[in-house]
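The residues making up each chain are set out below.
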Amino acid sequence: MGHDDLPTLELALPGPERDRGVAAILSGQKTALTGLLEIYEHAGEAVPVTGQRFWVLDSEGRPAVAIELVDVRVVPMKEIDDDFARAEGRGYSDVAEWRAAHEEFFRSDGLSEYLGRTPVIDDDTLVVAERFRVVEPDDSGGP
């Protein structure tokens, strides 16, 4: 599959937060990401599946890096662990830091405006927890 065929993925909202996320992927620090299930439902988008590939866009909407999902789970926030939190590549030392940052983002003005309301965020809030690897767009995944 060539790069023109890949769907796109946007981290956070355009700006410094997205730029830090793209940089963390490019450096190898970020190998996981989390999305609020409600965002997928609001957008009418299917939850991604293992094996899917995406271009991760930068803040200008340009493809920055291609990734392949190696694990996708829909889980309540309370099931995220320290290992997953650290794999997010944002410098979280544990799940408590991950949780605080994600609660802040999920309740942010920009996301609330997009959803048309401020989402309820608690232990049972469903998130899409994804692990990925960086790939070349034409990489078949073989050795």
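For the structure itself, consult the block above.
Reading the values: the criteria
- Note that residues are indexed from 1 along each chain, following the sequence as it is written.
- Per-residue local features are limited, in this predicted model, to residues with pLDDT of at least 70; the limit for side-chain atom pairs, both in listing and counting, is 80 or more; totals at the level of whole chains, interfaces and linings are taken over all residues.
- Side-chain descriptors were evaluated using all non-hydrogen atoms of the structure, hydrogens and water having been removed beforehand.
- Here, any two strands with at least 2 DSSP bridges between them count as paired.
- Strands here are runs of E lasting at least two residues and helices are runs of H or I lasting at least four, both read from the DSSP assignment and numbered beginning at the N terminus.
- Whether two residues are in contact is decided by their heavy atoms: any pair within 4.5 Å suffices.
- Angles shown run from 0 to 180 degrees and are taken between the N-to-C directions of axes, each axis being a line fitted to C-alpha atoms and, for helices, limited to the stretch in contact.
- Partly exposed describes any residue whose relative accessible area lies between the buried limit of under 20% and the exposed limit of over 50%, with all areas from a 1.4 Å probe on protein chains only and scaled to the type maximum.

Draft legend 1. Quick peek at the sheet that holds strand 2 (residues 32-36). In space, the five strands of this open sheet follow the order 1-3-4-5-2, with mixed pairing throughout. A strand with exactly one partner marks an edge of an open sheet, and here the two such strands are strand 1 (8-9) and strand 2. Of the strand pairs in this sheet, strand 2 and strand 5 (residues 126-135) are connected by five bridges, and their pairing is antiparallel. When the sheet's bridge partners are listed, Leu 33 is paired in strand 5 with Glu 130. Contacting strand 3 (53-57), strand 4 (63-76) and strand 5, helix 1 (residues 16-27) crosses the sheet at an angle of about 95 degrees to strand 4. Along the sheet, helix 4 (residues 95-106) contacts strand 2 and strand 5; its crossing angle with strand 2, the most-contacted strand, is approximately 40 degrees.

Draft legend 2. How the structure looks around the environment of Val 75. Residue placement: Val 75 occurs in strand 4. Under the relative-accessibility criterion, Val 75 is labelled buried at 5%. Through-space distance from the C-alpha of Val 75 to that of Asp 94 is 18 Å; in sequence the pair is 19 residues apart. Discounting residues that sit within four places of it in the chain, Val 75 has contacts with Ile 80, Thr 125, Leu 126, Val 127 and Ala 129.

Draft legend 3. Region of interest: the pairing of strand 3. Across the five residues that make up strand 3, a large majority, five, are buried. Across the two faces of strand 3 the burial is the same, with Arg 53, Trp 55 and Leu 57 and Phe 54 and Val 56 all buried. Note: strand 1 against strand 3, two bridges, orientation parallel. When the sheet's bridge partners are listed, Leu 9 is paired in strand 3 with Val 56. Alignment of strand 3 against strand 4, held across five bridges, turns out to be antiparallel. For Arg 53, the partnering residue across the bridge sits in strand 4 and is Glu 68.

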